[in-house]
Amino acid sequence: MKIVHDPDVCTGHGRCYLLVPELFADDEFGHGFLSGSGVLAEEQMKAAQKAVDSCPERAISIVAD
Amino acid sequence: MDNPQVSFTFHDAAPLGVDRTAGWDYFSAPGEVYERDGLWYLTSHRAVRFAHQHPEIFSSAKAFDSLGSPVPLIPIAVDQPAHIRYRRVLDPMFAPRVVNKIDDELRRQAREIIAAFAANGECDIVKDLAELYPTQVILTMFGLPLDDRDQFMEWTRLVIGASGGGAGAAATEEQMMGAVSLFGYLQDYITKKRTAPGDDVLSKVLALTGDEAWTDEEVLGMCFLFVIAGLDTVAASIGFVMLHLARNPELRRQVAANPELAAPVIEEVLRLELPAPITPRVTLSEVEVLGTMIPAGATAMLVLATANREGRSDDIDLPTADLGHLTFGGGIHRCLGSHLARRELRLVVDEFLRAIPEFTIAEGYEPRVEWPAGTLHLASLPICFPPRGYE
């Protein structure tokens, strides 16, 4: 499974990098971005789901590889 | 909202004063999308999100025309494509990493304000803390002297009165005088900072050159919006967070013992108690929202408060605090100051509980909000506590 972030939908609420810093980082605009490839190990699934659920813009999703 | 003759009976009759749950149930009861007194209410999460995602139909610029501001309210009263030009400049100035840099200074200020009444055994959260702190934070962000706080507050109180009143409120002469005084004050600093810039928002905007440069009118408009959007809202939220901590001794003790819990508690209070619970937009064309046709030129009321409660608890529910909310809006107009506001709330909770871990609402006082109001806030929150020194 892979986590993806859509920068066109993101408006910089900043929840992802605050709540899930192991997967997301912040840019100079305060917008989030994936700090790695997004490919998820089994033990990262819970954190990934948290990022999906916390995004007010629904800009983050988990998809099949 | 642009015609003072029209009465918004349905809107104004909402029972929000003492119990917000009753008030927001009242707004969600008629449905997801409906019309009352010529206003179109969007109450479900899906409906509100639809409007947020279609700024080309739901205009923010048109919705803020009715305030009659003498300067353009940048960036909220601007639609695309100009809007993005402003946000590209402003977003980096309000990003969390920038707020981090002034964290120590903002913490010091919160501590100082709280220390001023910590030995008294009583205070009014609204007057003694909530109104003072956001004003100081704005002055700090803008590189203006903290000594100007009380004067600044006097002007902004008048200005906010003009813009934040109930539906259809027109500006009074007194309120316009406040705006004129505030503009004069800001204009002085704009002139000063153009020649001698500091490391603050105002200086950074003024330092833009060439095609990027802002006119004085644009800079004033931005300052004016920050005053309208950044003072009352944060003040209101401080009041609501402290109200919930006063009413929930168990929760308060948990937060005092484990300060990390402050973040989810604040998120839940933000979800339930919105300072700006309904944000207006004006439709630029006819639009169908979830099966209901809304005509062009209609005022759409995005009821963020009901969207936040849909399928969720009407009380603080910490296990679901990460699910988020729309209190800071969504789409292109997502609240620019959201990161700063969250930091202010966090610092206030941290420093308050450190100085005053035990407190109760003054006996016999029933906390309530005024409605209708531009910003939903507690008029007063008198509390009592064991007096103590600050260590």
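As a reminder, the structure under discussion sits directly above these lines.
Calculation notes
- Here the residue numbering is sequential within each chain, running from 1 through the sequence in written order.
- Chain A is the first chain written and ligand 1 is the first ligand written, with later ones labelled in order.
- Per-residue local features are limited, in this predicted model, to residues with pLDDT of at least 70; the limit for side-chain atom pairs, both in listing and counting, is 80 or more; totals at the level of whole chains, interfaces and linings are taken over all residues.
- With hydrogens and water stripped out, all remaining heavy atoms of the structure feed into the side-chain values.
- To qualify as a helix, a DSSP run of H or I must reach at least 4 residues; to qualify as a strand, a run of E must reach at least 2; elements of each kind are numbered from the N terminus.
- This radius of gyration counts C-alpha atoms alone. The globule rule is 2.2 Å times how many residues there are, raised to the power 0.38.
- Working definition: with a 1.4 Å probe on protein chains only, accessible area under 20% of the residue-type maximum means buried, over 50% means exposed, and in between means partly exposed.
- In what follows, residue pairs with any heavy atoms lying within 4.5 Å of each other are defined as contacts.
- Accessible area, probed at 1.4 Å, shrinks when two parts are joined; the buried area is that loss added up over both.
- A carboxyl oxygen of Asp or Glu within 4 Å of a side-chain nitrogen of Lys or Arg is what we treat as a salt bridge.
- By this definition, two strands are paired if DSSP reports at least two bridges between them.
- The angle between two axes is taken between their N-to-C directions and runs from 0 to 180 degrees, where each axis is a line fitted to C-alpha atoms and a helix contributes only its stretch in contact.
- Any angle that falls under 35 degrees is termed roughly parallel, while one over 145 is termed roughly antiparallel, one within 65 to 115 roughly perpendicular, and all others oblique.
- Working rule for handedness: look at the near helix, and if it is turned counterclockwise from the far one by less than a right angle, call the crossing left-handed; if clockwise, right-handed.
- In this count, Pro and Cys sit with the nonpolar residues alongside Ala, Val, Leu, Ile, Met, Phe, Trp and Tyr, while Asp, Glu, Lys and Arg are called charged and the others, Gly among them, polar.
- Each nonpolar core is a collection of buried residues, namely Ala, Val, Leu, Ile, Met, Phe, Trp, Tyr and Cys, held together in the definition by side-chain atoms within 4.5 Å.

This part covers the overall build of chain A. When helices and strands are tallied, chain A shows two helices and four strands. The linear arrangement of helices and strands in chain A, starting from the amino end, is β-α-β-β-α-β. Its C-alpha radius of gyration of 10 Å places chain A within 12% of the 11 Å reference for a compact globule of 65 residues. Overall size of chain A, expressed as C-alpha extent along the three principal axes, is 30 × 20 × 20 Å. Per-residue burial for chain A yields a buried fraction of 46% across its 65 residues. A fraction of 57% describes how many contacts in chain A between residues 6 or more apart in sequence connect residues 24 or more apart.

All right, on to the interface of chain B and chain A then. Taken together, the contacts link 21 residues of chain B with 19 residues of chain A. Between chain B and chain A the total buried area reaches about 1600 Å² when both faces are included, carbon and sulfur atoms providing 46% of it. On the chain B side of the contact with chain A, B:Arg97, B:Asp322 and B:Arg334 bury the most area, a combined 31% of that side's loss. Joining chain B to chain A, the criterion identifies four salt bridges. Linking A:Arg15 and B:Glu267 is a salt bridge whose minimum nitrogen-to-oxygen distance equals 3.5 Å.

This next bit is on the pairing of strand β2 (residues 39-42) of chain B. Within a regular beta strand, the side chains point alternately toward one face of the sheet and then the other, so they alternate between its two faces. All names here are of chain B. Residues Leu39 and Tyr41 of β2 are buried on one face, and the alternating residues Trp40 and Leu42, pointing to the opposite face, are buried as well. In sequence, strand β1 (residues 33-36) turns back onto β2 through a hairpin of two residues, with Asp37 there showing a positive phi of about 55°. Inspection of the sheet shows β2 paired to strand β8 (residues 299-303) by four bridges, in the parallel sense. Bridged to Tyr41 within β8 is Met301.

Backbone torsion omega between B:Gln80 and B:Pro81 reads 5°, so that peptide bond is classified as cis. Here the bond from B:Trp371 into B:Pro372 is cis, since omega is 0°, no more than 30 degrees from zero. Considering the arrangement of structural elements, one finds B:Pro372 in the loop between β9 (360-361) and β10 (382-384). Of note in this structure, A:Arg58 is not a glycine but carries a positive phi near 55°. Along the chain, A:Arg58 falls in the loop between α2 (45-54) and β4 (60-63). Using a relative accessible area of 47% as the deciding quantity, one classes A:Arg58 as partly exposed.

Next up on the list: the pattern of salt bridges. All names here are of chain B. Enumeration over the complete set of coordinates arrives at 29 salt bridges over all chains. Between Glu268 and Arg271 there is a salt bridge, and its shortest N-O distance comes to 2.9 Å. Of this pair, Glu268 and Arg271 both sit in helix α16 (residues 262-272), three residues apart, which is roughly one turn of that helix. As far as the burial class goes, Glu268 and Arg271 line up, both buried. For Glu351, the salt bridge identified is with Arg354, shortest N-O distance 3.4 Å.

Moving on, we get to the packing of helix α7 (residues 103-118) of chain B against helix α18 (residues 338-355) of chain B. Residue and element names in this part refer to chain B. Two numbers describe how α7 lies on α18: the axes approach to 9 Å, and their chain directions differ by 45°. Between α7 and α18, the angle is such that the two are oblique. Considering only the axes of α7 and α18, their crossing is right-handed. Contacts between α7 and α18 involve Asp103, Leu106, Arg107, Ala110, Arg111, Ile114 and Phe117 from the first element and Leu340, Arg343, Leu347, Val348, Asp350, Glu351, Phe352, Arg354 and Ala355 from the second. Grouping the amino acids of the contact of α7 with α18 by side-chain chemistry returns nine nonpolar, no polar and seven charged.

As a further point, take the nonpolar core. Formed by 127 residues in total, the largest nonpolar core has its most connected members in B:Phe27 and B:Met222. Take this core: its biggest share by element is 10 residues, from helix α14 (residues 232-247) of chain B. When near neighbours in sequence (up to four residues on either side) are disregarded, B:Phe27 contacts B:Phe10, B:His11, B:Ala14, B:Leu16, B:Tyr34, B:Tyr41, B:Thr43, B:Ile278, B:Val303, B:Thr306 and B:Trp371. By size, the runner-up hydrophobic cluster in this structure holds 17 residues, among which are A:Cys10, A:Val20, A:Leu23 and A:Ile60.

All names here are of chain B. The mixed open sheet is built from five strands, whose spatial order is β1-β2-β8-β5-β3. Strands with a single pairing partner mark the edges of an open sheet, and in this sheet they are β1 and β3 (58-59). In the packing of helix α3 (residues 45-53) onto the sheet, the strands contacted are β1, β2, β3 and β8, and the crossing angle to β8 comes to about 125°.

Residue and element names in this part refer to chain B. If you walk across this open sheet you meet the three strands as β4-β10-β9, and the pairing is antiparallel. One side of each edge strand has no neighbouring strand; the edge strands of this open sheet are β4 (122-124) and β9. Across two bridges, β9 lies against β10 in antiparallel orientation. Looking at β10, one finds that Thr360 is bridged to Cys384.

No statement about biological role is implied by the geometric values presented.
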